[in-house]
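The primary structure of each chain is shown beneath.
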Amino acid sequence: MTDPIQAISAQELMKQATTSTPDLQAQAQRFEQLMAREPQPDAAATRAQPVAGVDSTMGRTLHTLDDASRQVTADMQRFVAEAPTMDLQTLTTRSMELNLQVATQGLQFTACTSVAQSSKNGLQTLMKNQ
């Protein structure tokens, strides 16, 4: 026979949740230190290096998709900054252009995901048949 489940009061549960351990405090301090640092400027240089020295079609596609995503994000940030000074026609036009860019980017991402999934499934089938 097993022990019955003991009831826990909400106060006890809150007390346990709010008490921090030294390890948790050290992790919180480390997180705050990491967030306070400036981003590494070499991120673009690191990203541009091919994985394991192989320049594959998929790798080039992923880099192209990544660059396009960064461009769309930059365009959106620029639009948000410039929007208050635009007239209604320019605002509408730029908004439609950005919607088209986001939709195109989403379609490209979905297509790349489908190709990668299909390749993975094909490889799994090939390995099963060996």
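See the structure above.
Conventions we followed
- Residues numbered from 1 in each chain as written.
- Predicted model: local features only at pLDDT ≥ 70, side-chain atom pairs only at ≥ 80, totals over all residues.
- Heavy atoms only, no water.
- Axes fitted to C-alpha atoms, helices over the stretch in contact; angles between N-to-C directions.
- Helix = DSSP H or I, 4+ residues; strand = E, 2+ residues; numbered from the N terminus.
- Parallel < 35°, antiparallel > 145°, perpendicular 65-115°, else oblique.
- Left-handed = near helix turned anticlockwise from the far one by under 90°.
- Contact = heavy atoms within 4.5 Å.
- Nonpolar A, V, L, I, M, F, W, Y, C, P; charged D, E, K, R; others polar.
- Salt bridge = Lys/Arg side-chain N within 4 Å of Asp/Glu carboxyl O.
- Buried < 20%, exposed > 50% of the residue type's maximum accessible area, 1.4 Å probe, protein only.

Participant: Mind laying out the packing of helix α4 (residues 57–82) against helix α5 (residues 88–129), listing which residues take part and the relevant values?
Facilitator: Following both chains from N to C, one finds α4 and α5 inclined at 160°, their axes separated by 10 Å at the closest point. Accordingly, the angle class assigned to the pair α4 and α5 is roughly antiparallel. Relative to α5, the crossing made by α4 is left-handed. Facing α4, whose interface residues are Met58, Thr61, Leu65, Ala68, Ser69, Val72, Asp75, Met76 and Phe79, α5 presents Leu91, Arg94, Ser95, Leu98, Gln101, Val102, Gln105, Gln108, Phe109, Cys112 and Ala116. Partitioned by chemical class, the residues of the contact of α4 with α5 number 12 nonpolar, six polar and two charged.

Participant: So what's going on with the pattern of salt bridges? Which residues, and what values?
Facilitator: In total, this model carries three salt bridges according to the counting rule given. The partner of arginine 78 in a salt bridge is aspartate 75, with the nearest N and O atoms 2.3 Å apart. Of this pair, arginine 78 and aspartate 75 are both found in helix α4, three residues apart, which corresponds to roughly one turn of the helix. Note on arginine 78: relative accessible area 40%, which makes it partly exposed. Its relative accessible area of 7% is what places aspartate 75 among the buried residues.

Participant: Account for the environment of leucine 91, with residues named and values stated.
Facilitator: Mapped onto the elements of the fold, leucine 91 is located in helix α5. For leucine 91, a relative accessible area of 28% gives the class partly exposed. Through-space distance from the C-alpha of leucine 91 to that of phenylalanine 79 is 8.7 Å; in sequence the pair is 12 residues apart.

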